[in-house]
Amino acid sequence: MDYQATIDYLFNSTPLFQHLGASAYKPGLQTTYALDAHFGYPHKKYKTIHVAGTNGKGSCCHTLAAILQSAGLKVGLYTSPHLLDFRERIRINGEMISEQFVVDFVEKERPFFEPFHPSFFEITTALALHYFAIEQVDIAVVEVGLGGRLDCTNVITPLLSIITNISKDHTEFLGDTLSAIAGEKAGIIKSHIPVVIGETQPETYKVFAEKAAEMDAPITFADEQPEVLSSFLSPDGLRVYQTRNYAELKGGLAGECQVKNANTILNALNILKQTEIGRWLTERAIANGFRHVCKLTGLMGRWQVLREQPKVVCDTGHNAGGWKYLNHQLRGVSGRLHIIFGMANDKAADAVIAELPENACFYWTRANTARSFSEDEIQTFARRHNRDGKVFHCVSDAYEAALEAASLEDTIFVGGSNFVIADLLSFLQKED
C-alpha cells in the first residue's frame, strides 16, 4: 500500500471516533495492553508527561513540548485530533512522522492487530509510542484522547500528570455531572506521581484530592498557586504574562483561555524542575517555547489569525466551557463581528450557542463530515436563543459570503468545531 491507501485503511477499516462518534468508542484497555506487550512496552524507554482535561490540554501539550524542545531535548508529541493530515498527531521536535514509517508499520503489523479489531485510536497510540521508542526520544508529551481512566494512553507511567480543567463534554461516555467526569479524568493519577490540576470547581476539587490521597500522589491545584499575576494582549498579537517566578513571558497563543493554561504550565514546570530534566528548563527555553509554540510544534486553530483587513480568526473551541472565554474575547474585536459557525452533532449545541455573542452577523454552516449538525439544525438551535443568520451548505461558501459582506475594519470568526476549522484550512490551502 502507498501512504494514501494506508490512511484510507486506517480511516475506513477501524472504528474512527473522529468520523463516527459514539459508535467508534471502545471502552476498556485489553487491546491496548496486548498491543503494548507486542511492541515491548515502548513507553518505558523514554520519559513521558501525561495531559488530560476537557479544554486546554492540546495547548498545554504543545507549549510544554515547545519548551522541552527549546531546551535541547528530543521531544515526542502525541495529540488528537488532526486538522489536515493524520501525521499531525505524531511529531518529534515539531516534525511529523514520515509517510513511509506509517506505511511500513501498518503493513507489517496488520496480521497481528487485526484479530483484536482495534479502534483507530488504539492503533494510532501504539504507533506513536512505538515510533518514539524507535527514534529514541528523550521525553514524550502525551495527550489523553477521551476521559482518562479507560483511555489507551493510560498505559504510560509519566514523570508528571496534568489535568487542565473539567466541563461537560462527551457526557455519554464520561458521565453527566462534573464530579463524574472528574472521576474519569482522575484515572490518570498514578501512584507516587505528582499531578497538577489546572482549574477546579467545588464539584471536582474533592474528587481530585481523594484520588491523589488514595494513590499517594503529590497534588498541586494551580488556581491556588497563581504563577500568572496579570496578562494583556500586545499590539503585535502576543499574549503577555507578568509572572511570579518567570519574569515577563510572551505567548504565541493569544486566546484569553491561555491565561489559565499558562498558569497550569508554569505550575507544571515548577514540579518538572525538581526532576531529572529540571536542569534543562532554563529561562531562555521557557520563554522561547511560550513565544514560538506554533512554529516549533505546528499547532493550528487556537485563536489563529489567518488574514488581516478584514481580520479572520479561527479557533477550535467546541463546548460551552471553551466558549465562555471566546465570547469574552470576541467582544473586544474591531469592527463588526461576523461568525461562521457549525458543530458536531454529538455536542451540546444549545449550551454552546447560548454563549455566542448576540450582536454579530451569523453564517450557519456544516463541515464535510457525517458527524455535523446540518446548517438548518444549527439555525433552529440558534433561533431558540434569538440569534439569527443565513445558512450555507459548506464552510467555504459561508467564508466567501462573510468576506464579501465584511468591511476591511471588520472581524470574521470561524469556529464551533474542529471539523469546521479543518474545512476552512483545507479550502485556504487549495486557494494558495
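Rules used in this analysis
- Residues numbered from 1 in each chain as written.
- Predicted model: local features only at pLDDT ≥ 70, side-chain atom pairs only at ≥ 80, totals over all residues.
- Heavy atoms only, no water.
- UniProt positions renumbered as here; feature names shortened; annotations may be inferred.
- Pairing = 2+ DSSP bridges.
- Helix = DSSP H or I, 4+ residues; strand = E, 2+ residues; numbered from the N terminus.
- Contact = heavy atoms within 4.5 Å.
- Axes fitted to C-alpha atoms, helices over the stretch in contact; angles between N-to-C directions.
- Phe/Tyr/Trp six-rings, centres within 6.5 Å; stacked < 30°, edge-to-face > 60°.
- Lys NZ or Arg CZ within 6 Å of the ring centre and 35° of its normal.
- Polar contact = N/O pair within 3.5 Å; in protein donor to acceptor, adjacent residues only side chain to side chain.
- Salt bridge = Lys/Arg side-chain N within 4 Å of Asp/Glu carboxyl O.
- Core = buried A, V, L, I, M, F, W, Y, C linked by side-chain atoms within 4.5 Å.
- Buried < 20%, exposed > 50% of the residue type's maximum accessible area, 1.4 Å probe, protein only.
- Arc of directions from axis to C-beta.

- The name given to the chain in an unreviewed UniProt entry is Dihydrofolate synthase/folylpolyglutamate synthase, with Alloprevotella tannerae ATCC 51259 as the source organism.
- Turning to the chain, the UniProt annotation filed under Sequence similarities (unreviewed entry) states: "Belongs to the folylpolyglutamate synthase family."

Re the sheet that holds strand β6 (residues 160–163)
Then comes step 1: Pairing is mixed across the open sheet formed by eight strands, whose spatial order is β4-β3-β2-β5-β1-β6-β7-β8. The open sheet has two edge strands with one neighbour each: β4 (95–96) and β8 (219–221).
Then comes step 2: Note that strand β2 (residues 75–78) and strand β3 (residues 90–92) share three bridges and pair antiparallel. Paired with G76 across the two strands is I92, which belongs to β3.
Then comes step 3: Packing against the sheet, helix α9 (residues 202–214) makes contact with β6, β7 (195–197) and β8, and its axis sits at approximately 160° to β8.

What to know about the packing of aromatic side chains
Then comes step 1: Under the definition given, this model contains 18 aromatic pairs.
Then comes step 2: If you follow K44 out to its NZ or CZ, it ends over the ring of Y41, 4.7 Å from the centre.
Then comes step 3: Its end group placed over the ring of Y9, R110 keeps NZ or CZ at 4.3 Å from the ring centre.

So, the side chain of S161
Then comes step 1: Here S161 lies in strand β6.
Then comes step 2: Among the polar contacts listed, one links the side chain of S161 to the backbone oxygen of I188, at a separation of 3.4 Å.
Then comes step 3: Once you skip the residues sitting within four places of it in the chain, S161 turns out to touch H50, I188, I193, P194, V195 and V196.

Comments concerning the UniProt feature "domain: Mur ligase C-terminal" (unreviewed entry) in the chain
Then comes step 1: The positions that UniProt labels "domain: Mur ligase C-terminal" (unreviewed entry) are, in the present scheme, residues 301–417.
Then comes step 2: Across residues 301–417, the secondary structure splits into 32% helix and 22% strand, with the terminal C-alpha atoms separated by 10 Å.

A look at the pattern of salt bridges
When the charged atoms of two side chains with opposite charge come close together, those side chains can pair.
Then comes step 1: Going through the model one piece at a time under the given rule, you end up with twelve salt bridges.
Then comes step 2: One salt bridge connects E358 with R387, and the closest N-O pair in it is separated by 3.9 Å. Residue E358 is found in the loop between α14 (349–353) and β15 (361–364), and its partner R387 is found in the loop between α15 (375–384) and β16 (389–391); the two are separated by 29 residues along the sequence.

Looking at the nonpolar core
Then comes step 1: One finds L10, F86, I90, L127 and F132 to be the most contacted residues of the largest nonpolar core, which totals 36 residues.
Then comes step 2: Put simply, the parts of the chain that give this core at least two residues each are α1 (3–13), β3, α5 (99–113), α6 (120–134) and β5 (139–143).
Then comes step 3: Broken down by element, this core gets its largest block of residues, ten residues, from α6.
Then comes step 4: If we skip the residues at most four places from it in the chain, F132 touches Y46, G76, L77, Y78, I90, R91, I92, V137 and A140.
Then comes step 5: Listed in part, the 33 residues of the second largest apolar core include C61, L159, I265 and I271.

Here's the deal with unusual backbone geometry
Then comes step 1: Between S80 and the following residue, P81, the backbone shows a cis peptide bond with an omega angle of -5°.
Then comes step 2: By secondary structure assignment, the location of P81 is in the loop between β2 and β3.
Then comes step 3: Cis geometry is found at the peptide bond from Q309 to P310, where omega equals -10°.
Then comes step 4: Within the secondary structure layout, P310 lies in the loop between β12 (304–307) and β13 (311–315).
Then comes step 5: Of note, the phi angle at N93 is positive, near 50°, even though the residue is not glycine.
Then comes step 6: In this structure N93 comes out as partly exposed when scored by relative accessible area, which is 30%.
Then comes step 7: Phi at Q136 takes a positive value of approximately 55°, unusual for a residue other than glycine.
Then comes step 8: Inspection of the secondary structure puts Q136 in the loop between α6 and β5.

Remarks on the environment of H82
Then comes step 1: Tracing the sequence through the fold places H82 in the loop between β2 and β3.
Then comes step 2: The class for H82 is buried, based on a relative accessible area of 8%.
Then comes step 3: Distance in space between the C-alpha atoms of H82 and F419 is 9.5 Å, their sequence separation being 337 residues.
Then comes step 4: A distance of 2.9 Å separates polar atoms of two side chains, one belonging to H82 and the other to R89.

Description of helix α3 (residues 30–38)
Then comes step 1: If you check which residues of α3 are buried, you get T31, T32, L35 and D36. Along the axis of α3, the buried residues cluster in a sector spanning 135°; they form a single face.
Then comes step 2: In this structure, the buried residues of α3 make contact with α5 and α6.
Then comes step 3: After α3 finishes, the residue G40 shows a positive phi value of roughly 75°.

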